[in-house]
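Coordinates in review
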Amino acid sequence: MDKADSIRSAYIDYLLTNGHRPASVFLFAKKLKLTEVAFYEQFNSFEQLESAIWLQFFEQARSTAEAEALYAQYSVREKLLSFYYTWIEVLKANRSFVLMTQAQVRQTGLRQARRIGAAFRRSFENYVTDLLLEGRESKEVAQRPFVIDRYPALFFGQALFVLNFWINDTSKGFEKTDSAIEKAVNTSFDLIGTSALDSVLDFAKFIYQNRP
Amino acid sequence: MKQQESIPTSKVARATRFMKTGVKIGGNYLKYNVKKFVDPSTTREELHNDNAEDIYESLSELKGSALKVAQMMSMDKNLLPRAYVDRFQMSQYSAPPLSAPLVVRTFRQALGKSPLELFDTFLMEAQNAASIGQVHLATKNGRKLAVKVQYPGVADSISSDLRMVRPMAVALFQLNEKDLDRYMGEVELRLLEETDYTLELRRGQEIAEACSFIPNLVFPRYYSDLSARRILTMDWLEGLHLREFLATNPSQEVRNQIGQAMWDFYDFQIHTLRQVHADPHPGNFMLRPDGTLGVIDFGCVKVIPEGYYENYFALLNPDTLEVEERVEEIFYNLEFIVPDDSARDKAFFRDLFVRMIQLLAKPFAVDAFDFGNNAYFEEVYALADELTKVEELKNSKVARGSQHGLYVNRTYFGLYSILNELRAEVTTTKPAWLTSRSLTATV
């Protein structure tokens, strides 16, 4: 475990035991038997530390999903499904932390939530962009200029939906979240795949260009 | 994927479908009242037909447990016209297949390993859909296995589906809420049991072991170390489903042999085990050219309570029907007749139910019965049709018949219709106390 890792887990531990953020970096570092400088070498603030934790959840889910023997053979749709399932599994191990972050966001407002989620969002959108590129090659994703650039942001919205659904899920073993993921991903891929709409637009364009 | 898009899957979508039906039914009543005002000869019959049509339309789009309820109630209460019953039976539960990642996840959660690690081979593409899950083909140590994986959240959706179907069932069957609860409770219990594969595994093993002496029956072996609440692993049984099997033109001997195995199987379960594989759906049997019968899917098992058993089956002995006081007593016990009935009602329902039982118990009144005899089945259907037109039954405010009858009747209904399609001639073995004196006398 490197230094950043140990600070992260100590921080989660502190949050869960005390129910709030440490009063100061100084106090927290002292508890860890570190100097303040050693903390600041890794993180600038508690906020950034939390941001790093969310990013780490993502990275862990992504690498675990990709390590699955079948992953390489999956279609893009299945790859994203597989990511979500693993992500939820990672979050499950940290459910108390997630619930606490949510409660905290309620108090401090969305702006802070955006800052905490920023690093995760960037990496997730990069990941989705790669998937979409792959999907264009495998024809799972229709070519739609301009609109296609908005997809990663929309998928991030989907990830937040999944997260929120799971937070509020009361079913046994979070089975309903599994269904929600399945349906959300299937719907999104049905929407971004070639559909009747593409033919309609193409036809309309043709008529427009060939008007007398 | 195309087909699924038309099935409303979310609770909201399903609820809106029900609402649409509700609005339509309201419309039908309005139409009826207006028509009646203009033309007093308009009958309620017409209204029922309009309603049944709209309800069927919405239910057939719904699938899932709601459809199952409608299916069973219509079968049992003979209240829907026969044409609808046929259509209900044809439709089956259909849900979108699980994605490969979700299958992997289900395994990881339940058994800690991916299916590829647990089995030598595992086909990610489902072979077919079982009622609440899908079946995968796998192999391990040279054995071909069938692995059933259940859809997530099925148990939860059953209760909410049933809650949604309630108001409609009230309108459709004109029952009061209390009676409806009895039936619905029974259905809900069975459906919930079906979602627990560990229970199915245990029952499958128990019944298979108890029935192992019956000739020409084959049961799969179950693997408890490869099963969990939502995963069930068993041997892959070779064989054909009823329709496919009949298409191969099996000989009369083979058909009789299979029919006999099926009859003996049910005879033993009902009269000795007192618990019965209550889903004699053609999809649950594998028929083989050598005249053996494979039985799969023990999800729906009805345990027959002692009191119900003694009363109900006594009726199948033609001797019982001759003693009028005994019949009346049994009808009270089975709630075919209730204390509130007037003397006229009592006589009416008694005659009606005696006629029904005489017809349905015909195979029991003889030593051997030819189920290929279509005339018999026409008679049964004609009676069922007639029952739907009986005003007294339709307007009766109480539910007639015990809730246990729901599944027992369904079992016989399924058994008879499979034997009919098989055109099998069967020695109708039965316990001694059900054998009519007229039969024993000749021996």
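Presented here is an overview of the structure given in this document. Not measured: the values here are computed from a predicted model.

**With respect to the overall build of chain A**
Of regular secondary structure, chain A possesses ten helices and zero strands. Counting helices and strands in the order they occur from the N terminus, chain A gives α-α-α-α-α-α-α-α-α-α. Principal-axis analysis of the C-alpha atoms gives chain A an extent of 80 × 40 × 35 Å. Surface summary for chain A: the accessible area is close to 11800 Å², and the carbon and sulfur share equals 57%. Taking the 26 positively charged and 25 negatively charged side chains of chain A as two groups, their mean positions are separated by 7 Å.

**Details of the environment of glutamine 56 of chain A**
Residue and element names in this part refer to chain A. Position of glutamine 56 among the secondary structure elements: in helix α4 (residues 46-67). In sequence terms glutamine 56 and threonine 187 are 131 residues apart; their C-alpha atoms lie 28 Å from each other. In this structure glutamine 56 touches Asp5 and Arg8, once residues within four positions along its chain are discounted.

**Topic: the side chain of serine 82 of chain A**
Position of serine 82 of chain A relative to the elements: it lies in helix α5 (residues 76-92). The residues contacting serine 82 of chain A, other than those within four sequence positions of it, are Ala65, Tyr71 and Tyr74 of chain A together with Pro101 of chain B.

**Examining a nonpolar patch on the surface**
All names here are of chain A. A contiguous nonpolar surface patch, about 330 Å² in accessible area, is contributed by Phe203, Phe206 and Ile207. Relative to the helices and strands, isoleucine 207 resides in helix α10 (residues 196-209). Overall, the relative accessible area of 46% leaves isoleucine 207 in the partly exposed class.

**Section: the pairing of strand β3 (residues 133-140) of chain B**
Residues and elements named next belong to chain B. Across the eight residues of β3, six count as buried, placing the element largely inside the fold. One ladder, built from two bridges, connects strand β1 (residues 121-122) with β3; its direction is antiparallel. Each residue of the ladder has a partner; that of threonine 121, found in β3, is threonine 139. Linking β3 to strand β4 (residues 143-150), which pair antiparallel, is a turn of two residues; within it asparagine 141 sits at a positive phi near 45 degrees.

Thresholds applied
The residue count restarts for each chain, going from 1 along the sequence in the order it is written. Written order decides the labels, with chains lettered from A and ligands numbered from 1. Residue-level local features of this predicted model are given only where pLDDT is at least 70; pairs of side-chain atoms are given and counted only at 80 or more, and the full residue set underlies all totals for whole chains, interfaces and linings. Side-chain numbers come from the whole structure's heavy atoms, not from hydrogens or water. Under the scheme used here, helices are H or I runs from DSSP no shorter than 4 residues and strands are E runs no shorter than 2 residues, and both carry numbers assigned from the N terminus. Note that accessible areas follow from Shrake-Rupley with a 1.4 Å probe, and for residues the cover is restricted to the protein chains shown. Note that His is not counted, nor are the chain ends; the positive residues are Lys and Arg, and the negative ones are Asp and Glu. Each charge is placed at NZ for Lys, CZ for Arg, CG for Asp and CD for Glu. Whether two residues are in contact is decided by their heavy atoms, any of which lying within 4.5 Å being enough. What goes into a patch is any residue over 30% in relative accessible area without a salt bridge, connected to like charges within 9 Å or, for nonpolar side chains (Val, Leu, Ile, Met, Phe, Trp, Tyr), within 5 Å. Between Lys or Arg on one side and Asp or Glu on the other, a salt bridge is scored when a side-chain nitrogen of the former is within 4 Å of a carboxyl oxygen of the latter. Think of it in three bands: residues with accessible area under 20% of the maximum for their type are buried, residues over 50% are exposed, and the middle band is partly exposed, with areas taken using a 1.4 Å probe on protein chains only. Pairing between strands is defined by DSSP: at least two bridges between them are needed.

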